[in-house]
There are 2 protein chains.
Amino acid sequence: MQRGRPFNRQDMNLSHSMEDYLEAIYNIKVRNQVARVKDISREMNVRMPSVTGALKALADKGLVIYQPYESVELTQAGLDHARGIAHRHTAVREFLTSVLGLPEEDVEQEACGLEHAISPETLDRLLKLVDFIGAHGDDKAFRLSDFQSFLKDGSDPDGDMSADVCYLPATIKSTRLSELCPGMKGRIAFVSGRKPIRKRLVEMGMTSDTHFEVLRTAPFGDPIEIKIRGYNLSLRRSEAEHVEVEVIND
Amino acid sequence: MQRGRPFNRQDMNLSHSMEDYLEAIYNIKVRNQVARVKDISREMNVRMPSVTGALKALADKGLVIYQPYESVELTQAGLDHARGIAHRHTAVREFLTSVLGLPEEDVEQEACGLEHAISPETLDRLLKLVDFIGAHGDDKAFRLSDFQSFLKDGSDPDGDMSADVCYLPATIKSTRLSELCPGMKGRIAFVSGRKPIRKRLVEMGMTSDTHFEVLRTAPFGDPIEIKIRGYNLSLRRSEAEHVEVEVIND
DNA sequence: TTCTTAAGTTAGTCTAGCCTAACTATAACG
DNA sequence: CGTTATAGTTAGGCTAGACTAACTTAAGAA
Ligand SMILES: [Mn+2]
Ligand SMILES: [Mn+2]
Ligand SMILES: [Mn+2]
Ligand SMILES: [Mn+2]
């Protein structure tokens, strides 16, 4: 009851449909670097004119850059938003499979329906629940109160996941390079931002599909050092924020 | 991705909006016996002409009986459907509060958004998760695998909830009288079905707002014996199915 | 360089779901 | 029994989001 408007996510109120378009664009770009109308149409199972219409609406909201006949670019706001939706999707999927034990192949559609109604607080706790249960495995016993206190202060009586300086939820499959922790590996998906920034990063070797490993990060993640193409490369945080990566859990 | 149609729930495909109308009608009837346009309008925070339109749509689908200027009745199909939505709502709410520990007052809207995207399998497991954790309380430890095997065969190593002959999930706040287990108490909410059936049940004392307790049920719940207005009353299952009750956890 | 074809856009239609404004029915009251 | 207030309906408008049909663009093949 009380059919009100959804949660305030950064002052932007997107419909389920617009969120799905944004999510699709993001996922296609992570896979393919570029997202074209046909790709989106195929991914979402709608006709191309529907995509054109959605792109106009998203462009009006400042979330994508859309020039007729060109491949669609995400703005910084659009990218942040899209990443958020994709994270909600994976968080829900992982909850359904790893906590509720539902079969992988059945949960995709359901996750994509639920993701639009997940509040920021619920997302946070869902991520933590999945990680908490993942860390405990199938064997180790725990109390609900253990989880509740882990929620509050990050403490865990069994010590498997307490107070990591750098912590990325296991459910997250793609994010900014600047979010990664030392030891993590990944694949450069695409580089965002304005031309000069993109150019500079590409010249440093941050081209799509290249694999890398994070070597170390300074206290506030600035700079971040990675191993890429056999070289060690040091990036400023402001640069690493423009590099969208797919996390690889070997 | 893949914006397809929702789950097949008894061959009926209701929009989120239509589900909310049905849920509101059900909840109002559980509280008030009758649901009028104004009540629905207030409950859902929409204007009255929107309600009139929704009622016409629901009547076309055979879920409500709608005669201009009269209070709205649920058909048997509509009642079943509505009860299902209300159960999804409460299951989600209880999960959010008792497992994720979110504050009661924050979760209503979110539950009402999520309920529309919950599959039957997920509902089932969510109900069981809440019950399982409820039965274990905050203190007793358990493994995820305990829950998983409880899901499969209803067995629980700690024995608190194994193999109850009669089992009603704790999250369910209102249902048919025929679903209740011996020892449970409740309040008659309303009686459904055609006039002669309703009349017969009312003559037996099954009038709205009357409190009762279930004394015992025969193996397949037929007949069911209750204590009501100081008398013991025995009902056939087919009759008890028409009595919608609010469960009272004293 | 022209032809062909796939990708993309435009225009127009339809449905769901909300709204306001204006009209109508019902019931309660004097 | 007529008046009046409230509940309810009808008519009409608007937006979002899908669709088809028809046209346009751009890129590769001949
Ligand atoms: Mn979705
Ligand atoms: Mn999704
Ligand atoms: Mn709802
Ligand atoms: Mn609800």
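Throughout, a residue's number is its position along its own chain's written sequence, starting from 1. Key to labels: chains lettered from A, ligands numbered from 1, both in the order written. At least 70 in pLDDT is required for a residue's local features to be given in this predicted model, at least 80 for side-chain atom pairs to be given and counted, and no such filter applies to totals for whole chains, interfaces and linings, which use all residues. Neither water nor hydrogens contribute to the side-chain values; these are computed over all heavy atoms in the structure.

S.K.: If you had to explain the interface of chain B and chain A to someone new, which residues and values would you point to?
M.R.: We call two residues contacting when some pair of their heavy atoms lies within 4.5 Å. Each side of the interface is counted separately: chain B has 50 residues, and chain A has 50 residues. Put simply, a salt bridge is a Lys or Arg side-chain nitrogen that is within 4 Å of an Asp or Glu carboxyl oxygen. Taken together, the connections running from chain B to chain A amount to zero salt bridges. Pairing of N or O atoms within 3.5 Å defines a polar contact, subject to two protein rules: one partner must be a possible hydrogen donor and the other a possible acceptor, and residues neighboring in sequence count only if both atoms are side-chain atoms. Connecting chain B to chain A are eight residue pairs in polar contact (both at pLDDT 80 or more). Only DSSP runs of H or I with at least four residues qualify as helices, and only runs of E with at least two residues qualify as strands; both kinds are numbered from the N terminus onward. Those elements that provide at least two residues to the side of chain B that touches chain A are α1 (16-32), α2 (37-44), α4 (76-99), α5 (104-114), α6 (120-136) and α7 (144-153) of chain B. Under the scheme applied, nonpolar residues are Ala, Val, Leu, Ile, Met, Phe, Trp, Tyr, Cys and Pro; charged residues are Asp, Glu, Lys and Arg; polar residues are all the others, including Gly. Along the lines of polarity and charge, the residues of the side of chain B that touches chain A split into 20 nonpolar, 16 polar and 14 charged.

S.K.: Requested: an account of the protein's contact with DNA strand D, with residues and values cited.
M.R.: Around DNA strand D, 20 residues are found, and the nearest of them are S15(A), S50(A), K38(B), T52(B) and Y66(B). What makes a residue near a molecule or strand is one non-hydrogen atom of that residue sitting within 4 Å of it. A share of 77% is what sugar and phosphate atoms reach among the atoms of DNA strand D within 4 Å of the protein. A distance of 2.8 Å separates a phosphate oxygen of DNA strand D from a polar atom in the side chain of S17(A). Within the side chain of K56(B), one N or O atom sits 2.8 Å away from a phosphate oxygen of DNA strand D. Elements that contribute at least two residues to the surface near DNA strand D include exactly α1 (16-32) and α3 (48-60) of chain A together with α2 and α3 (48-60) of chain B. The class makeup of the residues in the surface near DNA strand D is 11 nonpolar, four polar and five charged.

S.K.: Which residues make up the domain arrangement of chain A, and what values do they have?
M.R.: All names here are of chain A. Segmentation of chain A into domains returns domain 1 (1-168) and domain 2 (174-248). All domain edges in this entry derive from an automatic or database-based domain assignment. Summarising the inter-unit geometry, the C-alpha centres of domain 1 and domain 2 are found 22 Å apart. Contact residues are listed per partner, giving 13 residues for domain 1 and 20 residues for domain 2. Accessible area that two parts lose when put together, with a 1.4 Å probe and added across both, is what the buried area reports. Across the domain 1 to domain 2 interface the summed buried area is about 1,300 Å²; carbon plus sulfur atoms make up 56%. Interface area lost by domain 1 to domain 2 is led by V30, Q33 and L168, which between them contribute 40%.

S.K.: Tell me about the coordination of the manganese ion (ligand 4), residues and numbers included.
M.R.: The rule for donors is simple: N, O or S, within 2.8 Å of the metal, or within 3.2 Å if the metal is Na, K or Ca. Water isn't counted, so a site may look like it is missing partners. At 2.1 to 2.6 Å from the manganese ion (ligand 4) lie its protein donor atoms, namely E23(B) (OE), E23(B) (OE), H89(B) (ND1), C112(B) (SG), E115(B) (OE) and E115(B) (OE). Only two sets of limits are used to name each site, 85 to 135 degrees for every angle of a tetrahedral four-donor site, and over 155 degrees for opposite donors with all other angles from 65 to 115 for a square planar four-donor or octahedral six-donor site, with any other site named irregular. Considering all six donor atoms around the manganese ion (ligand 4), the spread of angles at the metal, 53 to 147°, places the coordination shape in the irregular class.

S.K.: An account of empty space enclosed by the protein is needed here, citing residue identities and associated values.
M.R.: As defined here, a cavity is a set of points on a 1 Å grid over the protein atoms alone where a 1.4 Å probe fits but cannot get out. A pocket is an open set with protein on both sides within 12 Å along at least five of seven lines, and residues line them when an atom is within 4 Å of a point. Grid points are joined across faces, edges and corners, and a volume is the space filled by probe spheres set on the points. Taken as a whole and assessed by the stated rule, the structure comprises four cavities of 30 Å³ or more. Considering only enclosed or pocket space, the largest cavity measures out at about 130 Å³ in volume. What lines the largest cavity is a set of 14 residues, and nearest its centre among them are F95(A), L114(A), F95(B), L114(B) and I118(B). Of all elements in the fold, only α4 (76-99) and α6 (120-136) of chain A together with α4 and α6 of chain B reach the threshold of two or more residues within the lining of the largest cavity. For the lining of the largest cavity, the class distribution of residues is 12 nonpolar, two polar and no charged.

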